[in-house]
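Chain and residue survey
Below, each chain spelled out in residue letters.
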Amino acid sequence: MKKNLVPEDIANEIRMERRYPGGSLYTFLLVEGSTDERVYKHFIAEDRCQIIVAHSKENVIDVLAILEKDNFLGVLAIADADFMVLEEKQPFSQNLLLTDMHDLELMMINSPALEKVLAELGSIEKIAKFEEKYQKNIRSLLIECAIPIGYLRWVSLREKLSLKFEALKFEKFIHKEILTIDTIQLIRIVQSHTTANIGPHKPSLKDDELHGRIQQLSSDSHDSWHVCCGHDVVSILSLGLRKAIGSNNSQGVETDHVEMCLRLAYEWSYFSQTQLYAAIQNWERANETFIVLRAYS
């Protein structure tokens with residue numbers, strides 16, 4: 001589907017698909033983006049379930065709401081949890097499921113897919129020395145490094161700051177040799193990046209005020225896997241694979257390439273252990289006519 005389609009257009013496409021021969025048996029699985037589709041397509045029963053890319057979380061929610069208003073059956077939506085769990089917001093519908101963690105990328109990083117990627121792109125010797133030095137595994141170190149970025153994203157959401165994080169150059173605030181973050185520099189870079197992309201933003205906060213908001217919001221009680229954003233963690237991993245835990249050139253471990261490797265390494269056996277998988281099974285039991293998951297023996 002085209003990216004410029006509005007929710008009503010996407011809903012109409014689904015209605016049309018249902019009218020085709022055999023369409024009454026199909027489940028329509030709404031997902032946010034094409035990268036989500038590339039993961040979930042390996043787990044669905046393709047003869048009974050069709051993935052529909054909505055191109056944003058907002059579109060996923062709006063399309064589902066439109067179809068439910070028409071009592072259109074057999075539609076299941078999966079969206080990234082983002083900060084909904086931390087904000088204690090519940091999905092508006094039993095047909096809307098959320099990722100176990102902040103997003104699908106973090107679900108992959110939390111699985112053995114990460115070890116498979118590290119074995120392929122990382123240095124066994126460097127990883128061993130790094131983990132011995134900090135007495136933590138790489139997964140934990142990546143999450144710790146990404147937490148301040150997650151809190152800044154959360155502050156931006158809460159304060160309606162519309163800070164821009166797309167296309168950030170992580171090497172400007174991440175020390176790639178030791179995988180630590182300069183939070184003050186992060187704030188400065190994001191503020192500058194936002195101004196450069198959309199001009200002066202309102203309401204605005206000074207750098208020290210933003211830092212204070214992050215410190216106020218930070219808490220050990222928050223689940224780090226819901227605070228962090230998967231793309232941020234993969235970007236930090238990409239930097240680490242060039243120096244701290246690997247010896248790759250930048251072109252060989254760009255963030256998009258590392259994300260692709262994680263998708264390829266993410267197996268059915270990992271997905272089948274998740275809360276999301278169990279939630280899909282529950283949805284199938286409550287909607288007996290419709291199938292989502294393929295059968296594995």
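To keep things clear, this report deals only with the structure shown in the data block. (Residues numbered from 1 in each chain as written. Predicted model: local features only at pLDDT ≥ 70, side-chain atom pairs only at ≥ 80, totals over all residues. Heavy atoms only, no water.)

Turning our attention to the sheet that holds strand 4 (residues 96–98). Strand order in the open sheet formed by four strands is 2-1-3-4, and the pairing between neighbours is parallel. In this open sheet, the two strands that pair with only one neighbour each are strand 2 (49–53) and strand 4. Averaged over neighbouring strand pairs, the angle between their axes works out to 25° when direction is ignored. As paired strands, strand 3 (residues 75–79) and strand 4 are joined by three bridges and run parallel to one another. Paired with alanine 77 across the strands is leucine 96, a residue of strand 4. Most of the contacts of helix 1 (residues 7–19) go to strand 1 (residues 27–31), to which it runs at about 160°, and overall it touches strand 1 and strand 2. Here helix 14 (residues 275–286) sits on the sheet and contacts strand 1, strand 3 and strand 4; the angle it forms with strand 3, its principal contact strand, is near 165°. (Pairing = 2+ DSSP bridges. Helix = DSSP H or I, 4+ residues; strand = E, 2+ residues; numbered from the N terminus. Axes fitted to C-alpha atoms, helices over the stretch in contact; angles between N-to-C directions. Contact = heavy atoms within 4.5 Å.)

Between its terminal C-alpha atoms helix 14 stretches 17 Å, which fits the 16 Å expected from twelve residues at 1.5 Å a residue. Those residues of helix 14 that sit buried are Leu276, Tyr277, Ile280, Trp283 and Glu284. Angular distribution of buried residues about the axis of helix 14 spans 115°; they occupy a single face of the element. Across helix 14 from its buried face, at more than 90 degrees, point the exposed residues Gln275, Arg285 and Ala286. Structurally, helix 14 contributes buried residues whose contacts are with strand 1, helix 2 (34–40), strand 3, strand 4, helix 4 (104–109) and helix 13 (268–271). (Expected span 1.5 Å × (residues − 1). Buried < 20%, exposed > 50% of the residue type's maximum accessible area, 1.4 Å probe, protein only. Arc of directions from axis to C-beta.)

The values reported here are purely geometric and, on their own, carry no functional implication.
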